[in-house]
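Chain by chain, the residues run as shown.
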Amino acid sequence: MMSADRHRLVVRVKNAIKSAGTEQEVLRTAVQLIHDFSDGYSWTGIYMMRGDYLEVGPYVGAPTPHTRIGLNQGICGAAASLKQTVIVDDVTADPRFLACSLTTRSEIVVPLMHNGRCLGEIDIDSDRPAFFTADDKDMLEVVVAVIVERLNQIGQVGGD
Ligand code: SME
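In this report, we go over the structure that sits alongside the text. (Residues numbered from 1 in each chain as written. Predicted model: local features only at pLDDT ≥ 70, side-chain atom pairs only at ≥ 80, totals over all residues. Heavy atoms only, no water.)

1. As for the overall build of the protein chain
Operational definition: Labels follow the DSSP assignment, with helices taken as runs of H or I lasting at least four residues and strands as runs of E lasting at least two, numbered in each case from the N terminus. Taken over C-alpha atoms, the radius of gyration is set against a globule rule of 2.2 Å times the number of residues to the power 0.38. Whether a residue is buried, partly exposed or exposed follows from its accessible area with a 1.4 Å probe, protein chains only, as a fraction of its type maximum: under 20%, in between, or over 50%, in that order.
In terms of helices and strands, the protein chain carries four helices and six strands. Against the compact-globule benchmark of 15 Å for 160 residues, the protein chain has a radius of gyration of 14 Å, which places it among compact chains. Taken along the three principal axes of its C-alpha coordinates, the protein chain extends 40 × 40 × 25 Å. A buried classification covers 47% of the 160 residues belonging to the protein chain.

This is how it looks when you write it as structure tokens:
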């Protein structure tokens with residue numbers, strides 16, 4: 001069972017993006033609400049698949065040097081290739097990690113899946129080690145489903 005505050009975030013995102021009519025508006029609105037969910041989230045952003053690359057979209061946090069990431073690069077590339085959520089408890093011990101900030105200690109990346117295709121992903125960093133739990137994963141996987149549903153409604157999923 002999802003906790004009440006996590007469930008509230010899902011509902012909040014769902015309601016907020018109902019009136020968003022463009023991909024950027026959907027993503028920007030969702031990212032801000034997700035970021036505000038926890039003090040432990042230090043960088044919250046969305047990467048979208050553009051051709052063979054992940055391109056950074058709306059984010060809250062410090063500017064990242066990693067604006068374009070290949071599928072074989074970083075934790076972001078790993079999650080998009082695996083088409084699965086990846087949680088890294090200690091980014092300093094993970095050779096795949098591409099650093100956005102030197103203070104980042106843990107990270108979660110949740111793919112936006114539609115009909116077996118990865119459309120993009122939510123990437124969240126924390127300055128606290130092992131910050132992301134199965135509860136974050138469960139909540140964010142529902143949030144991405146809500147985002148993909150809205151993108152589909154406004155004809156922004158492409159490819160089908
Ligand atoms: N840490 C990510 C790169 C994105 S920045 O953190 C915003 C990775 O390893 O793929």
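2. Section: the nonpolar core
The criterion, for reference: Residues grouped as a nonpolar core are buried Ala, Val, Leu, Ile, Met, Phe, Trp, Tyr and Cys residues, joined through side-chain atoms within 4.5 Å. Note on contacts: a residue pair qualifies if any of its non-hydrogen atoms lie within 4.5 Å across the two residues.
Among the nonpolar cores identified, the biggest contains 32 residues, and Val13, Leu112, Ile122, Val143 and Ile147 are the most heavily contacted of them. Breaking this core down by element, the ones donating at least two residues are helix H1 (4-17), helix H2 (23-37), strand S1 (43-50), strand S5 (106-114), strand S6 (117-126) and helix H4 (134-153). If one sorts the elements of this core by residue count, H4 sits on top with eight residues. Apart from residues no more than four positions distant in its own chain, Val13 is found in contact with Ala30, Leu33, Val143, Val146 and Ile147.

3. Quick notes on the site of the ligand
Selection criterion: We define proximity as follows: a residue is near a molecule or strand when any one of its heavy atoms falls within 4 Å of that partner. As used in this structure description, the phrase polar contact means that two N or O atoms lie within 3.5 Å; if the pair is within protein, one of them must be able to donate a hydrogen and the other to accept it, and residues adjacent in sequence are counted only when both atoms belong to side chains. Working definition of accessibility: Shrake-Rupley area with a 1.4 Å probe, residue cover restricted to the visible protein chains. We call Asp, Glu, Lys and Arg charged. Ala, Val, Leu, Ile, Met, Phe, Trp, Tyr, Cys and Pro are nonpolar, and the rest, Gly among them, are polar.
Lining the immediate environment of the ligand, one finds 13 residues, of which Ile75, Cys76, Leu98, Glu107 and Asp125 sit closest. In this structure, Leu98 approaches the ligand through a main-chain N or O atom, which is 2.8 Å from a nitrogen atom. Here the ligand, which alone exposes 310 Å², has 100% of that area covered by the protein. Sorting the residues of the shell around the ligand by element identifies S1, helix H3 (74-82) and S6 as the ones contributing at least two each. Of the residues assigned to the shell around the ligand, the class counts are eight nonpolar, two polar and three charged.

4. A word on H3
Summarising burial for H3: seven of the nine residues are buried, a large majority. Taken together, the buried positions of H3 are occupied by Gly74, Ile75, Cys76, Gly77, Ala78, Ala79 and Ala80. For H3, the elements touching its buried residues are S1, strand S2 (53-60), strand S3 (68-70), strand S4 (86-88), S5 and S6. Where H3 terminates, the next one or two residues include Lys83, which has phi positive at roughly 60°.

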